[in-house]
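A closer look at the structure
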Amino acid sequence: MKMTKIAAYGCLTIAALAAASFALPRHVSVERSAMIEAAPEAVLALAASNSGYQAFNPYADLDPALEIELFGPASGVGSGFHFNSKDGAGSQTIAEVTAERVSYSLDLGALGQPTQSISTEPRAVGTWVTWRMESDLGFNPAMRVFGLFMDNMVGPNFELGLEKIADATA
């Protein structure tokens, strides 16, 4: 009888935690911005290029063993790369290029398909550059808990990438 109660309370606890996870946000976004002393066109040309993106890819600094395989055209829609790193494998493809923004589709396998964008706003002394990622975590309770830490995990990488964009366009 005592074992039955313990099992019942254990099941109720797990069910309550799973139910509580659905109160967490399904959609998560991470965003960082910086002023860069370059023309918006220079930033966007770099961001819209297979090899240009690698000039500021923050993950190359974070994982020296990162493997990159470029695919598609050299730049523009359809341009992209496959990657294999210590944290996993996936791909990133340019989905849209406008006069103000380059948008990317990512495929991170079991971790989802977030979107990213690098957008520019001209300013008197340079360009305000914003790097943004948006992700739909779906109905997976573990992913929704994971989403609570996304800003702290990805944000510093975007900050490093923005510093590298500034260096690459200097």
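Just above sits the structure.
Reading guide: rules and limits
- Counting restarts for each chain, with residues numbered from 1 along the sequence as it is written.
- At least 70 in pLDDT is required for a residue's local features to be given in this predicted model, at least 80 for side-chain atom pairs to be given and counted, and no such filter applies to totals for whole chains, interfaces and linings, which use all residues.
- Derived side-chain values reflect all non-hydrogen atoms in the structure, with water molecules and hydrogen atoms excluded from consideration.
- A run of H or I in DSSP becomes a helix once it reaches four residues, and a run of E becomes a strand once it reaches two; helices and strands are each numbered from the N terminus.
- Between the two quantities, the radius of gyration covers C-alpha atoms and the globule rule is 2.2 Å times the number of residues to the power 0.38.
- Buried, partly exposed and exposed residues are distinguished by accessible area as a fraction of the type maximum, computed with a 1.4 Å probe on protein chains only: under 20%, between the cut-offs, and over 50%, respectively.
- Residues count as neighbours in contact if any of their non-hydrogen atoms are within 4.5 Å of one another.
- Computed with the Shrake-Rupley method and a 1.4 Å probe, the accessible areas treat only the protein chains shown as cover for residues.
- The charge count treats Lys and Arg as positive and Asp and Glu as negative. His and the chain ends do not count.
- Think of each charge as sitting on NZ of Lys, CZ of Arg, CG of Asp or CD of Glu.
- Patches were defined on residues exceeding 30% relative accessible area and lacking a salt bridge, with like-charge contacts within 9 Å and nonpolar side-chain contacts (Val, Leu, Ile, Met, Phe, Trp, Tyr) within 5 Å.
- For this document, the term salt bridge refers to a Lys or Arg side-chain nitrogen within 4 Å of an Asp or Glu carboxyl oxygen.
- Buried residues of nine kinds, namely Ala, Val, Leu, Ile, Met, Phe, Trp, Tyr and Cys, make up a nonpolar core once their side-chain atoms join them within 4.5 Å.

Now for the overall build of the protein chain. Secondary structure summary: the protein chain contains 6 helices and 7 strands in total. Relative to a compact globule of 170 residues, whose C-alpha radius of gyration would be 15 Å, the protein chain shows 20 Å and is clearly more extended. On the principal axes, the C-alpha backbone points of the protein chain span a range of 75 × 35 × 25 Å. Out of the 170 residues in the protein chain, the part that is buried amounts to 36%. Counting only contacts in the protein chain whose residues sit at least 6 apart along the sequence, the fraction spanning at least 24 positions is 52%. Here the protein chain has roughly 9500 Å² of accessible surface; of this, 61% comes from carbon and sulfur atoms. On the protein chain, the mean spot of the 10 positive side-chain charges and the mean spot of the 18 negative ones are 16 Å from each other.

This part takes up the side chain of Ser 117. In this structure, Ser 117 sits in strand S6 (residues 115-123). Other than its neighbours up to four places away in sequence, Ser 117 contacts Arg 101, Val 102, Ser 103, Tyr 104, Thr 130, Trp 131 and Arg 132.

Okay, the side chain of Asn 157 next. You can see Asn 157 is positioned in helix H6 (residues 150-169). Given a relative accessible area of 13%, Asn 157 falls into the buried group. Contact partners of Asn 157, with chain neighbours within four places excluded, come to Pro 58, Tyr 59 and Leu 62.

A word on a nonpolar patch on the surface. On the surface, Val 145, Leu 148, Phe 149 and Met 153 cluster together into a nonpolar patch covering about 360 Å² of accessible area. Turning to its location among the elements, Val 145 is positioned in helix H5 (residues 141-147).

We now examine the nonpolar core. Among the nonpolar cores identified, the biggest contains 29 residues, and Phe 56, Tyr 104 and Ile 118 are the most heavily contacted of them. The set of elements that each furnish at least two residues to this core consists of strand S1 (27-36), helix H2 (40-47), helix H3 (50-56), strand S3 (80-85), strand S5 (101-107), strand S7 (126-136) and H6. The element that contributes the greatest number of residues to this core is H6, accounting for 5 residues. If we skip the residues at most four places from it in the chain, Phe 56 touches Leu 46, Ala 47, Tyr 104, Ile 118, Trp 131, Gly 161, Lys 164 and Ile 165.

Quick look at the environment of Thr 93 now. Along the chain, Thr 93 falls in strand S4 (residues 88-97). Thr 93 gets classed as partly exposed once you look at its relative accessible area, which sits at 23%. The residues contacting Thr 93, other than those within four sequence positions of it, are Phe 71, Gly 78, Ser 79, Gly 80, Ser 103, Tyr 104 and Ser 105.

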